[in-house]
Amino acid sequence: MNKLTIVGAGLVGSLLSLFLSKRGHKVEIYERRKDPRRLKNSEGRSINLALSERGWAALKKVGISEEVMESAIPMYRRVMHSIDGKLSFQNYGKNGQAIYSVSRGGLNKILIEKAESNPNIKINFNHKCISADIEAGSVTFDNGLREIEVNNDAVFGTDGAFSKIRMAFQRRDGFSYSQDYIDHGYKELNIPPDALGNFKMEKEALHIWPRGGYMLIALPNPDGSFTCTLFFPLKGELSFETLDSSFKARKFMNDIFPDALNLMEDFENQWESNPTSSLVIIKCKPWNVKGKSMLLGDASHAIVPFYGQGMNSGFEDCSVFDEILEKSENLNEAFESFSNTRKPDADAISDLAMHNFIEMRDHTGQPDFLLRKKIENRFSELYPDKWIPLYSQVTFSHIPYSKALATGKKQEKIMEKIMAMPDIEKTWNNAEVYESILKYLD
Ligand SMILES: Cc1cc2nc3c(=O)[nH]c(=O)nc-3n(C[C@H](O)[C@H](O)[C@H](O)COP(=O)(O)OP(=O)(O)OC[C@H]3O[C@@H](n4cnc5c(N)ncnc54)[C@H](O)[C@@H]3O)c2cc1C
């Protein structure tokens, strides 16, 4: 049994505490924010996340998946909205497979509640980490009244993309680190329920308005509303910078996303008061200092949100680390092994997420993209052991991300050849198309 410090009671830190306590460790969590359960419902906007198989599996292991499922909304398909209001559809998986819209705040509260009811876990809110000695596993916090130093057997940095614990790693010789901002930022907007409290669009779907170069998406909330996110260039001719008034923003929305704008209320106020945020990619290694300190979740691998895998990969970090811990003699061995084996998967999902942005904004809704997916799905139905579409590998399986990325590249090359076959729009369902895929796979 060890006494362990976790910095950050976000999604990953609070889940990690449950895994560690199951292995008999005593855990102290320190969180900068106040207790989210004390916030009034009116504080903060409703923000949701897509939870998929890797995340669910981790929640199951700590026994909270059923509680989370009670308020989760399945999204079975993408609904693409073209500029003239036409809709096209694409199922995410087969036989009822879905990704789930869950409230970020609601999920965090469930995790915190579960952690706090565990006698081996203590959460200290309003404790901001201000420095750390990561070789010694000691951390200093400011709780608004004084500074306190906490010395336990080891410290886990789950304090997000701008991790204070990682900053201590950055001063160490041999630590590689990169931080990149992409050219796009985002702004959240809301579509409220109708007067009867009903959803104004198909409820059990993720809505996308792909516009080449940028896009709007919307995920459903249990109260009948949708949270929309506009991913848009931060600077340039058409950008958040140039849409510098709600008047200009309304005109733009009316030209480009007219059906979505029609469903919003109070657009001007939302545009002015909701922040424009940027998107950062963090990569680093190694994630541990011997058996004394380790980084997990966004602190070690922040990615862009376009595959809906940031939280899911952070939750999978916890499952993978737990399996390694079970087999290890001590923390040193477990930390080394986790940092070495998990890093290629974190790099792979980072690349996949960026790639999916291009696919979502430029290709979804295009006839050749939909045809390509149709052919892939058909082949996968015919030969399920030979072809799992890349999206399904990432979202509905536990295939390591690095393996999914490698297989996905191979599949892409094959599909390029198939899409170049003469009259493929007419012949796509012919046996020779599927025989060709089989041949290319050999
Ligand atoms: C627009 C957007 C959409 C997204 N959509 C999805 C999605 O659909 N699906 C998905 O899987 N992922 C999604 N993500 C990614 C997901 O939000 C993150 O991967 C996830 O929140 C990471 O969890 P974390 O616990 O590692 O970090 P965080 O959630 O950032 O939590 C870090 C915690 O540490 C605390 N903290 C920070 N600094 C200190 C300090 N100095 N001292 C003490 N405490 C500190 C913070 O207050 C916070 O509670 C999205 C991200 C964005 C930006």
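Everything discussed here concerns the structure shown above.
Everything numeric here is computed off the predicted structure, so don't read it as measured data.

Rules used throughout
Residues numbered from 1 in each chain as written. Predicted model: local features only at pLDDT ≥ 70, side-chain atom pairs only at ≥ 80, totals over all residues. Heavy atoms only, no water. Salt bridge = Lys/Arg side-chain N within 4 Å of Asp/Glu carboxyl O. Helix = DSSP H or I, 4+ residues; strand = E, 2+ residues; numbered from the N terminus. Buried < 20%, exposed > 50% of the residue type's maximum accessible area, 1.4 Å probe, protein only. Pairing = 2+ DSSP bridges. Patch = residues over 30% accessible without salt bridge, like charges linked within 9 Å, V, L, I, M, F, W, Y side chains within 5 Å. Areas by Shrake-Rupley, 256 points an atom, 1.4 Å probe, with all protein chains shown as cover. Lys, Arg positive; Asp, Glu negative; His and termini not counted. Charge placed at Lys NZ, Arg CZ, Asp CG, Glu CD. Near = heavy atom within 4 Å. Polar contact = N/O pair within 3.5 Å; in protein donor to acceptor, adjacent residues only side chain to side chain. Axes fitted to C-alpha atoms, helices over the stretch in contact; angles between N-to-C directions. Contact = heavy atoms within 4.5 Å. Disulfide = S-S within 2.5 Å. Parallel < 35°, antiparallel > 145°, perpendicular 65-115°, else oblique. Left-handed = near helix turned anticlockwise from the far one by under 90°. Nonpolar A, V, L, I, M, F, W, Y, C, P; charged D, E, K, R; others polar. Core = buried A, V, L, I, M, F, W, Y, C linked by side-chain atoms within 4.5 Å. 1 Å grid on protein atoms, 1.4 Å probe; cavity = no way out; pocket = protein on both sides within 12 Å on 5 of 7 lines; lining within 4 Å. Points joined across faces, edges and corners; volume = space filled by probe spheres on them.

S.K.: Got a minute to help me understand the pattern of salt bridges in this structure?
M.R.: Side-chain pairing between opposite charges can occur once the charged atoms of the two side chains come close. Within the structure shown, the criterion is met by 24 salt bridges. Note that Glu 113 is salt-bridged to Arg 37, the shortest N-O span being 3.4 Å. Note that Glu 113 is positioned in helix 4 (residues 104–116) and Arg 37 in the loop between strand 2 (26–30) and strand 3 (48–51), a separation of 76 residues in sequence. Note that Lys 200 is salt-bridged to Glu 265, the shortest N-O span being 3.7 Å. In this pair, Lys 200 is assigned in the loop between strand 13 (176–191) and strand 14 (205–210) and Glu 265 in the loop between helix 7 (258–263) and helix 8 (267–273), connecting sequence segments 65 residues apart. Among the charged side chains, a salt-bridge network with shared partners connects Asp 35, Arg 37, Arg 38, Glu 113 and Glu 116.

S.K.: Please explain the pairing of strand 1 (residues 3–7) as it appears in this structure.
M.R.: The two faces of a sheet get side chains in turn, since along a regular strand they alternate between them. Burial within strand 1 is extensive, with four of its five residues counted as buried. As paired strands, strand 1 and strand 2 are joined by five bridges and run parallel to one another. Paired with Thr 5 across the two strands is Glu 28, which belongs to strand 2. The sheet contact formed by strand 1 and strand 12 (residues 154–157) spans four bridges and is parallel. Looking at the pairing, Val 7 lines up with Gly 157 of strand 12.

S.K.: For this particular structure, what's the right way to read a positive patch on the surface?
M.R.: Together, Arg 32, Lys 128, Lys 164 and Arg 171 make up a positively charged patch on the protein surface. Within the fold, Lys 164 resides in helix 5 (residues 164–170). Taking relative accessible area as the criterion, Lys 164 reaches 35% and is therefore assigned partly exposed.

S.K.: What is the right way to look at the site of the ligand in this model?
M.R.: In the vicinity of the ligand there are 28 residues, among which Glu 31, Ala 50, Arg 104, Cys 129 and Asp 298 approach most closely. One of the backbone nitrogen or oxygen atoms of Leu 11 is found 3.3 Å away from an oxygen atom of the ligand. Interatomic distance of 2.6 Å between a side-chain N/O atom of Glu 31 and an oxygen atom of the ligand. Protein coverage of the free-state accessible area of the ligand, which is 1000 Å², stands at 87%.

S.K.: What is the right way to read the sheet that holds strand 9 (residues 128–133) from this model?
M.R.: Strand pairing within a sheet occurs via backbone hydrogen bonds; the two strands may be parallel or antiparallel. Taken together, three strands build an open sheet; the order of strands is 9-10-11 and the sheet is antiparallel. At either margin of the open sheet sits one strand with a lone partner, and together these are strand 9 and strand 11 (147–151). Averaged over all pairs of adjacent strands, the angle between their axes in this sheet comes to 25 degrees, without regard to strand direction. Pairing analysis gives five bridges linking strand 9 to strand 10 (residues 138–142), with the strands arranged antiparallel. In the sheet register, Ala 132 faces strand 10, and the bridge partner there is Val 139.

S.K.: Would you mind going over the sheet that holds strand 2 with me for this structure?
M.R.: With mixed pairing, the six strands of this open sheet are ordered in space as 8-2-1-12-19-18. Each end of this open sheet is capped by a strand with a single partner; those strands are strand 8 (121–124) and strand 18 (288–289). Each of strand 1, strand 2, strand 8 and strand 12 touches helix 1 (residues 11–22); the most contacted strand, strand 2, lies at about 170 degrees to it.

S.K.: I tried to follow the state of the cysteines on my own but got confused; where do I start?
M.R.: Any covalent bond linking the sulfur atoms of two cysteines counts as a disulfide. This structure, assessed with the given rule, holds zero disulfides. Sulfur of Cys 129: no disulfide; nearest cysteine sulfur belongs to Cys 284 and is 15 Å away. Here Cys 129 falls in the buried class, since its relative accessible area comes to 9%. Cysteine Cys 318 is unpaired, with the sulfur of Cys 284 as its nearest cysteine sulfur at 16 Å.

S.K.: Looking at this structure, how should I read the packing of helix 1 against helix 4?
M.R.: Helix-helix packing: each pair is described by the crossing angle between the helix axes and the interaxial distance. Interaxial distance between helix 1 and helix 4 falls to 9 Å at its minimum, and their mutual angle equals 30 degrees. It follows that helix 1 is roughly parallel to helix 4 by the angle criterion. Crossing hand, helix 1 versus helix 4: left-handed. Contacts from Leu 11, Ser 14, Leu 15, Ser 17 and Leu 18 in helix 1 reach Arg 104, Leu 107, Asn 108, Leu 111, Ile 112, Lys 114 and Ala 115 in helix 4. The class makeup of the residues in the contact of helix 1 with helix 4 is seven nonpolar, three polar and two charged.

S.K.: Would you take a moment to explain the environment of Lys 203 for this structure?
M.R.: With respect to the helices and strands, the residue Lys 203 is situated in the loop between strand 13 and strand 14. Overall, Lys 203 belongs to the partly exposed group, its relative accessible area being 36%. For Lys 203 and Val 304, which are 101 residues apart along the polypeptide, the C-alpha to C-alpha distance reads 25 Å. Here Lys 203 is in contact with Ile 73, Pro 220 and Phe 226, once residues within four sequence places are set aside.

S.K.: I keep staring at the nonpolar core and nothing clicks. Help me out?
M.R.: One broad rule of soluble globular proteins: the nonpolar side chains tend to lie buried together. Among the nonpolar cores identified, the biggest contains 66 residues, and Leu 59, Phe 156, Ile 165, Phe 315 and Phe 321 are the most heavily contacted of them. If one sorts the elements of this core by residue count, helix 1 sits on top with seven residues. If we skip the residues at most four places from it in the chain, Phe 156 touches Leu 4, Thr 5, Ile 6, Val 7, Leu 16, Leu 20, Met 294, Leu 296, Phe 321 and Phe 335. Among the nonpolar cores identified, the runner-up in size contains 30 residues, and Ile 208, Leu 279, Ile 281 and Ala 348 belong to it.

S.K.: Is there a simple way to think about the layout of surface pockets in this case?
M.R.: Rolled over the atoms, a probe as big as a water molecule pinpoints where empty space is left. When its volume is computed, the second largest pocket comes out at roughly 610 Å³. What lines the second largest pocket is a set of 30 residues, among which Asn 91, Tyr 92, Gly 93, Lys 94 and Asn 377 lie closest to the centre. Among the elements of the structure, strand 5 (77–81), strand 6 (87–91), helix 11 (367–382) and helix 12 (390–395) are those that each provide at least two residues to the lining of the second largest pocket. When residues of the lining of the second largest pocket are assigned to their parent elements, the largest contribution, seven residues, is made by helix 11. Within the lining of the second largest pocket, the residues separate by chemical class into eleven nonpolar, eleven polar and eight charged.

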